[in-house]
Amino acid sequence: MEAVIQMELFPSATKDEMKYVRQQLKDYPKMCRRISEIEQREFLNDIDRKILKKSKRKKEALETAIQCIMDEEIREIMYYRFIEQHDRWAAISKWTRFTDRSLDRKVQEGIKSIAETLKLTNDIE
């Protein structure tokens with residue numbers, strides 16, 4: 001008998017893709033600063049335009065992927081931690097009903113959701 005291979009409608013994120021997303025979320029403040037600095041320049045060369053276009057695309061993709069998280073609580077946590085750029089302890093202090101480990105699990109679920117959305121939209125390199 002032949003083995004049946006089940007395909008996923010929406011492919012799951014791999015560990016490497018989740019690591020990539022975590023790094024992109026860490027780099028988000030730097031990316032925002034880079035966009036701001038380049039946009040303030042009066043004249044842009046080709047390299048600046050490419051960097052600006054790529055950075056804006058990554059920023060927009062991350063923000064959209066966060067908005068696509070189905071669980072409202074996880075979406076709020078991810079937005080607070082990474083878009084509003086609050087540190088881990090600020091998030092733990094805000095969501096007091098969670099232990100620090102529970103909040104870390106919520107963040108991990110958010111990263112997985114973001115990675116799956118970025119994979120679906122071909123925004124993972």
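Figured I'd write up the structure that's included with this text. What you are looking at is a predicted structure, and each value in this text was computed from that prediction instead of being measured. (Residues numbered from 1 in each chain as written. Predicted model: local features only at pLDDT ≥ 70, side-chain atom pairs only at ≥ 80, totals over all residues. Heavy atoms only, no water.)

1. Topic: the environment of Pro11
We apply this condition: Strands here mean DSSP runs of E at least two residues long; helices mean DSSP runs of H or I at least four residues long; both are numbered from the N terminus. Any residue under 20% of the maximum accessible area for its type is buried, any over 50% is exposed, and the rest in between are partly exposed; the area is computed with a 1.4 Å probe on protein chains only. The criterion used for residue contact is that any of the two residues' heavy atoms lie within 4.5 Å.
For Pro11, the position within the fold is in the segment before helix H1 (15–40). For Pro11, a relative accessible area of 29% corresponds to the partly exposed category. When the C-alpha positions of Pro11 and Lys119 are compared, they lie 7.6 Å apart, and in sequence the two are 108 residues distant. Non-local contacts of Pro11, meaning those with residues more than four positions away in its chain, are made with Glu116, Lys119 and Leu120.

2. Things to note about unusual backbone geometry
One non-glycine residue with positive phi stands out, namely Gln85, at about 65 degrees. Note on placement: Gln85 falls in the loop between helix H3 (72–83) and helix H4 (88–94). Of note, the phi angle at Asn122 is positive, near 60 degrees, even though the residue is not glycine. Mapped onto the secondary structure, Asn122 falls in the segment after helix H5 (100–120). Judged by relative accessible area, Asn122 falls into the exposed class, the value being 69%.

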